Amino acid sequence: MFAWDFMQNAFIASTFIAITCGLVGVYVIAQRMSFLSHTLSEIGFAGAAFGLFTGIAPLDGMLLFTIGSSIFVGRLGTDESQRESSISAVSSLFIGLGILFLSLSNKSASYATNILFGSIIGISLQDVYQLVVLSALILISILLVYRYLNFYSYDPIGAQSQRLKTGFLSIYFLLILAVTVSIAAQIVGSLLVFILLTLPASVAQYLGNSIQKMIGISIGCALVGVWTGLYLGYLTNWPVTFFIALIEFLFYAGAYLYHRHSMH
Amino acid sequence: MTTKPLLKITDLSIAFRDRKLIQHLNLTVQPGEFLAIIGENGVGKTTLIRTVTGQRKPEGGTIQFDVPAKKMRFGYVPQFRNISEEYPLSMRDFVELNLLHLRPWLTKKEHQRVTNVLTEVGIENIDNTSMGQASGGEKQKAYLAQAIVNEPRLLILDESTASLDVEAKNELMGLVKKLNQQDGLTVLFITHDLPLAKKYADQFLLIRRNGQYEEKPIDQLDTTQDIQ
């Protein structure tokens, strides 16, 4: 299978993306931002469609839209009383915009399918470089504030009372999340970003009781998911995204049942 | 010879939104003092503490420590924490959160310090239990351990005993008193529980609804007055 360049590219890119999503996902779950990451991915869809329309790369379009809107969307997410309605409104608007840009760009329907559901097999070497650099940037950004981000994510009230700059950390993490959503969408598509961003981390939350263990479990689940997904996709010619979704779902269901069983 | 006060508050006025709370407060807290801050709900006790710790600015007056404010090490146990049943972190990991530096990992010495603090508050045997599964008293001990892991000079407890039964209250306050007496830790203890304040504190600051206040030795506290 590795005789094919496109499979090598796919494996390298997915490995980096899985590590990034596994790590970032732990903080998404801790900060209860699953819903927000989904909205960012819908904004990313509009960005990718905008990229097709204007002739820039879809990933660049996604980065432009997600980074540009992340702080605004983060603000919506903090006001709990209005969170659901305001986030739904923003999602609707951006999905609508995405459809408009796709229609105006006169591209075939397969472009839309790729953006929405992922297209890791068709990834070029140049895309791989870009994804690896972005993943490395995210990993370094988290490492730089690792202990501060841990405190802020797992005990925001305690962090605030210790005079941590929680406002800065919130914006910093939203930017990290925006980039992560954009690169995760390259494998599983913008509609299914939470497969890699929230399911492995949810499994980790059920099974781990320290941040390091949770990060390990989350990255492990994400890696097994994408590697097995690519392999099964190669064997069967079925969509890779389907297999990744199935594997992560099975991990989640198993962890959930184990957790419930051990609680009683 | 007089020692320099650890905290000196001069002519402090604070307000919450448009409502004036404390007016012209003058207060000194000596190193090793155990001060109970009491008053009805809404008189500004927590706002006062948030002002002292630099989380908000005062409307007037000054707050001085015996070191520059940024160098002052606080241990703060806030009033509310959102630790649900599903909360995954172990007690040890929860305490470790407050060890903050750019280096991602902890040194052996820091691990040992966490173990010492867990032992000091009596939860070293359940350090691997998740916070979500701990009892109210155990959680409070973990909060206390997290607050003191940085070896603070000033420990602030904001209604930390409010949700506990009598036995757990006394156990927690006994620990705080031990830290106060053995290690010379200065304590500010916000509470509604007058008998508990009388039992453990040295001084009290009573803040009244009209912004007036009185500060006296604890033996002058009338525990029969209604401050609910």
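Residues numbered from 1 in each chain as written. Chains lettered and ligands numbered in written order. Predicted model: local features only at pLDDT ≥ 70, side-chain atom pairs only at ≥ 80, totals over all residues. Heavy atoms only, no water.

- Under an unreviewed UniProt entry, the name given to chain A is ABC 3 transport family protein, and the source organism is Lactobacillus selangorensis.
- Word for word, the UniProt comment on chain A under Sequence similarities (unreviewed entry) is "Belongs to the ABC-3 integral membrane protein family." (UniProt positions renumbered as here; feature names shortened; annotations may be inferred.)

## Overview of unusual backbone geometry
Phi is mostly negative for residues that are not glycine, and the peptide bonds are mostly trans.
Piece 1. Its identity as a non-glycine residue notwithstanding, asparagine 237 of chain A has a phi of 70°, on the positive side.
Piece 2. Considering the arrangement of structural elements, one finds asparagine 237 of chain A in the loop between helix H12 (211-236) and helix H13 (240-263). (Helix = DSSP H or I, 4+ residues; strand = E, 2+ residues; numbered from the N terminus.)

## Overview of the pattern of salt bridges
All names here are of chain B.
Piece 1. Across all of its chains, the model carries eleven salt bridges over all chains by this definition.
Piece 2. Between glutamate 214 and lysine 216 there is a salt bridge whose closest N-O contact spans 2.9 Å.
Piece 3. Taken together, the shared-partner salt bridges connect Arg208, Glu214 and Lys216 into one network. (Salt bridge = Lys/Arg side-chain N within 4 Å of Asp/Glu carboxyl O.)

## Some words on the interface of chain B and chain A
Piece 1. The interface is formed by 35 residues belonging to chain B together with 26 residues belonging to chain A.
Piece 2. When chain B packs against chain A, close to 2,500 Å² is buried across both sides, 52% of that on carbon and sulfur atoms.
Piece 3. When the buried area of chain B at its contact with chain A is split by residue, Pro88, Leu100 and Pro104 of chain B rank highest and sum to 23% of it.
Piece 4. If you look at where chain B meets chain A, you find one salt bridge.
Piece 5. With a shortest N-O distance of 2.8 Å, aspartate 155 of chain A and arginine 81 of chain B are connected by a salt bridge.
Piece 6. Counting across the interface, chain B meets chain A through twelve residue pairs in polar contact (both at pLDDT 80 or more).
Piece 7. Contributions of two or more residues to the side of chain B that touches chain A are made by strand E7 (74-77) and helix H2 (91-96) of chain B.
Piece 8. Taken together, the residues of the side of chain B that touches chain A break down into 17 nonpolar, eleven polar and seven charged. (Contact = heavy atoms within 4.5 Å. Buried area = accessible area lost by both parts, 1.4 Å probe. Polar contact = N/O pair within 3.5 Å; in protein donor to acceptor, adjacent residues only side chain to side chain. Nonpolar A, V, L, I, M, F, W, Y, C, P; charged D, E, K, R; others polar.)

## Quick notes on the side chain of serine 153 of chain A
Residues and elements named next belong to chain A.
Piece 1. With respect to the helices and strands, the residue serine 153 is situated in helix H7 (residues 146-154).
Piece 2. Accessibility expressed as a relative area gives 4% for serine 153, which makes it buried.
Piece 3. Those residues within four positions of serine 153 in sequence are excluded, and the remaining contacts are Tyr27, Ala30 and Gln31. (Buried < 20%, exposed > 50% of the residue type's maximum accessible area, 1.4 Å probe, protein only.)

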